[in-house]
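Commentary on secondary and tertiary structure
Read off the chains here:
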Amino acid sequence: MSVIDRCALLRVMPALFLANALFACSDNEAKSMRLSDAEARIFINQKSCNACHEVDETRIGPAFRDVATRYEDDAETEVDRLAEKIIAGGAGSWGYVPMISYPDITSEEARAISLWILELNKPKS
Ligand code: HEC
């Protein structure tokens, strides 16, 4: 994802990210939008993902860490599929209970949160 995409994403995220956005947008190395843990948790709260998901516990939906483990060998292709599924909703990967759709989440936001989920098991640098 280009730096411009990252800037576009940060513009649609709450003003709280503004300081970070200004910093990030001058960072030519920001090839792919990566959310910090704090940003990701705010997003998950705001969008009520946490009504059904926890990082470490299976609830109505799978634990995000289990999602990371299942797709760890295919993270590069899965990131886009998961982003589309977050927006469109759907069932069948973990059971019969469907995930609700989020038509108001942008593809950039969906991709960023998918990437954060997929990298949960990676050691933090
Ligand atoms: C109403 C409950 C509910 C909410 C709210 C919810 N999910 Fe889910 N989610 C589920 C269920 C159920 C599944 C399993 C779907 C399946 O079996 O394919 C799931 C699956 C997923 C998966 C894995 C999909 C796959 O194909 O493996 C991801 C990633 C995910 N959710 C992210 C999110 C994010 C991000 C949000 C908030 C923007 C969110 N979910 C909100 C219920 C929910």
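An account of the accompanying structure is given in this report. It should be emphasised that the depicted structure is a prediction, and the values quoted were computed from it without experimental measurement.

Topic: the overall build of the protein
- In terms of helices and strands, the protein carries six helices and zero strands.
- The order of α-helices and β-strands along the protein, N terminus first, is α-α-α-α-α-α.
- Taken across its 125 residues, the protein has 25% of its residues classed as buried.
- Across the protein, contacts joining residues at least 24 apart in sequence account for 57% of those joining residues at least 6 apart.

A look at helix α5 (residues 75-88)
- Helix length check: α5, at 14 residues, gives a terminal C-alpha distance of 19 Å against a target of 20 Å (1.5 Å per residue), a fit within 8%.
- Buried within α5 are the following residues: E78, V79, L82, A83 and I86. Down the axis of α5, the sector holding all buried residues measures 140°, keeping them to one side.
- Contacts made by the buried residues of α5 are with α6 (107-118).
- Positive phi shows up at G89, right after α5, with a value of about 80°.

A word on helix α3 (residues 37-46)
- Three or more residues of α3 are buried, namely E39, A40 and I44. All buried residues of α3 fall inside an arc of 135° around its axis, so they share one side. Across α3 from its buried face, at more than 90 degrees, point the exposed residues A38, N45 and Q46.
- If you follow the buried residues of α3, they end up packed against α6.

Remarks on the nonpolar core
- Of all hydrophobic cores here, the largest spans 19 residues; its most connected members are A112, I113, W116 and I117.
- Secondary structure elements with two or more residues in this core: α3, α4 (64-70), α5 and α6.
- Counting residues per element, this core draws most heavily on α6, which supplies seven residues.

Observations regarding the environment of K124
- Within the secondary structure, K124 sits in the segment after α6.
- As a C-alpha pair, K124 and D37 span 87 residues in sequence and 10.0 Å in three-dimensional space.

Notes on unusual backbone geometry
- The residue S48 is not glycine, and still its phi comes out positive at about 60°.
- Looking at where S48 falls in the secondary structure, it is placed in the loop between α3 and α4.

A look at the packing of α5 against α6
- Packing of α5 against α6 leaves a shortest axis separation of 8 Å and a crossing angle of 130°. Regarding the angle of α5 to α6, the classification is oblique. For the pair α5 and α6, the crossing hand works out as right-handed. Residues A75, E78, V79, D80, L82, A83, I86 and I87 of α5 touch α6, and the partners they reach there are S107, A110, R111, I113, S114, L115 and L118.

What counts, and at which threshold
- Residues numbered from 1 in each chain as written.
- Predicted model: local features only at pLDDT ≥ 70, side-chain atom pairs only at ≥ 80, totals over all residues.
- Helix = DSSP H or I, 4+ residues; strand = E, 2+ residues; numbered from the N terminus.
- Buried ≥ 20, exposed ≤ 12 C-beta atoms within 10 Å, placed from the backbone.
- Contact = placed C-beta atoms within 7 Å.
- Expected span 1.5 Å × (residues − 1).
- Arc of directions from axis to C-beta.
- Core = buried A, V, L, I, M, F, W, Y, C linked by C-beta atoms within 7 Å.
- Axes fitted to C-alpha atoms, helices over the stretch in contact; angles between N-to-C directions.
- Parallel < 35°, antiparallel > 145°, perpendicular 65-115°, else oblique.
- Left-handed = near helix turned anticlockwise from the far one by under 90°.

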